[in-house]
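Examination of the molecular architecture
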Amino acid sequence: MAEQEGGVAGPRSLALFERACSLMPGGVDSPVRAFGGVGGTPWFVSRAEGAYVVDADGRRLLDYVQSWGASILGHAHPALVEAVREAARSGTTFGAPTEGEVELASRVVEAVPGCEMVRFVSSGTEAAMTAIRLARGATGRDRVVKFAGCYHGHADALLAAGGSGVATLGLPGSAGVPEAAVAATLVAPYNVVPELDERVACVIVEPVAANMGLVAPLPGFLEGLRAACDEAGSLLVFDEVITGFRLGRAGASGRWSVRPDLFCFGKVLGGGLPLAAVGGRRELMELLAPTGPVYQAGTLSGNPLATAAGIAALELLTPEVYSAIESRVGELAQGLEDAFARAGVPAQVPVVGTLLGISFSASPVRDFDGARRAAEGGEYARFFSAMARRGVAFAPSPYEVVFTSLAHGEDEVARTVEAARDAARELASAAAR
Ligand SMILES: Cc1ncc(COP(=O)(O)O)c(C=O)c1O
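Residues numbered from 1 in each chain as written. Predicted model: local features only at pLDDT ≥ 70, side-chain atom pairs only at ≥ 80, totals over all residues.

Let us look at helix 14 (residues 379-389). In terms of residue burial, helix 14 counts as a mostly covered element, since 9 of its 11 residues are buried. Those residues of helix 14 not exposed but buried are Glu 379, Tyr 380, Ala 381, Phe 383, Phe 384, Ser 385, Ala 386, Met 387 and Ala 388. Among the residues trailing helix 14, Gly 391 stands out with phi positive, at a value near 85°. (Buried ≥ 20, exposed ≤ 12 C-beta atoms within 10 Å, placed from the backbone. Helix = DSSP H or I, 4+ residues; strand = E, 2+ residues; numbered from the N terminus.)

Listed below in structure tokens is the structure:
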């Protein structure tokens, strides 16, 4: 039965899902949430606190999804809840500039070298879409180079060979995208510096790929992209929607000391509310309307609740907090590696700062082909299920990563490792059958 495979959806979640499916395509508002990548039926979340979510049946799950990385401080952090409550009392949206936008913008500019101005939007998709339009507007060129397995949201031009949900569903791109919309999108393999020419407006990359499992940039890859862009007069766009404010305050660009021309931020920056941003060098950013000819707008952009949550989140994200999460992630990685090794299950547990990946592959994954091979065997779905039955919720897709928050303490890691030991043994005995 499907629900046994997926794990743990209780009767109330099952009933809700059935109703949802009659009202919403696939019962969800974002495809991966439907659990197609792991089989079974999703649990519906009714509330969450810290490292845990509670589902509609009252089951408490140790959560490593954390809103796909948005909740780095853990769910419903009291300071964020208070900031949102306080902001809501003064009105939820005005469609006019607010002090909160200026405050949050100043914190981003201060934190990220090379990011001299920002424009707030409501989703990572909008941020990437705007970055591309800006790069095309700035260079007068059409072509965009992206990397297979990287995900930059669901804008037409960027869905080709996408990671995340596109990969989970095994799609090459999306129906409904006219050929003309992707004619200027070139897809290159991750971790190989592509050849560029004077037709390329920009190269957009996840500086640490986190939508095909976790794939770190090989030494020289990011530096090579910077040099290739400089030589061809193309712009370099770092999509830091996942890595921004997660790999330290300066994100991946700070960690590798490679400065892109444009940045995309989202997730952590909004403190769990719908907020994202495109940022970059001043002369590029000033090409955006109203100072420049590149149009971009949004009714809810820079929403006061979201900026309040973002400011509160950045306030709390000190170097000590990143170190604490990193050391927790290190312990978790060691425990998982050990669990797989003891059971004789070939697996990789790469770590970059606070990000951790799990891929069932005998050798490290360096690109989308490797990620697909690792996902093909179905071990991830079995592992996901075995963990879910033990009350630990990983992402319902082999192409996502493990998001650990500040609220994941020693006990949570110990519980996860213990569950993983049993789950790995289960995997090994299923493989032997
Ligand atoms: C690297 C990256 N860019 C862009 C996006 C799109 O962001 P959103 O889902 O907020 O539109 C995502 C979403 O997961 C992402 O991981």
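Here the focus is the sheet that holds strand 12 (residues 355-356). Reading across from one edge, 11-12-14 is the order of the 3 strands in this open sheet, with antiparallel pairing throughout. Edge positions in the sheet fall to strand 11 (351-352) and strand 14 (402-403), since each of these pairs with one other strand and no more. (Pairing = 2+ DSSP bridges.)

Contact geometry for helix 4 (residues 99-111) and helix 11 (residues 304-316): axes closest at 9 Å, N-to-C directions at 35°. Of the two possible hands of crossing, helix 4 and helix 11 adopt the one that is left-handed. Contacts between helix 4 and helix 11 pair Gly 100, Glu 101, Glu 103, Leu 104 and Arg 107 from the former with Pro 304, Thr 307, Ala 308, Gly 310, Ile 311 and Leu 314 from the latter. Per-class residue counts for the contact of helix 4 with helix 11 are 5 nonpolar, 3 polar and 3 charged. (Axes fitted to C-alpha atoms, helices over the stretch in contact; angles between N-to-C directions. Left-handed = near helix turned anticlockwise from the far one by under 90°. Contact = placed C-beta atoms within 7 Å. Nonpolar A, V, L, I, M, F, W, Y, C, P; charged D, E, K, R; others polar.)

Before going further, it helps to spend a moment on the site of the ligand. Close to the ligand lie 16 residues; Ser 123, Gly 124, Thr 125, Gly 153 and Val 241 are nearest. In terms of residue count, helix 5 (residues 124-139) provides more of the shell around the ligand than any other element does, 3 residues in total. For the shell around the ligand, the class distribution of residues is 6 nonpolar, 8 polar and 2 charged. (Near = placed C-beta within 6 Å.)

One open sheet accounts for 7 strands, arranged 4-10-9-8-7-5-6; its pairing is mixed. The sheet is open, and its two edges are formed by strand 4 (117-121) and strand 6 (185-188), each paired on a single side. The sheet shows a mean angle of 20° between the axes of neighbouring strands, direction not considered.

Here the focus is the pairing of strand 10 (residues 276-280). Counted residue by residue, strand 10 has 5 buried out of 5 residues, so it is predominantly covered. Judged by which residues are buried, strand 10 turns out to be covered on both faces: Ala 276, Val 278 and Gly 280 on one side and Ala 277 and Gly 279 on the other are all buried. The pairing of strand 9 (residues 262-265) with strand 10 spans 4 bridges and is antiparallel. Looking at strand 10, one finds that Phe 265 is bridged to Ala 277.

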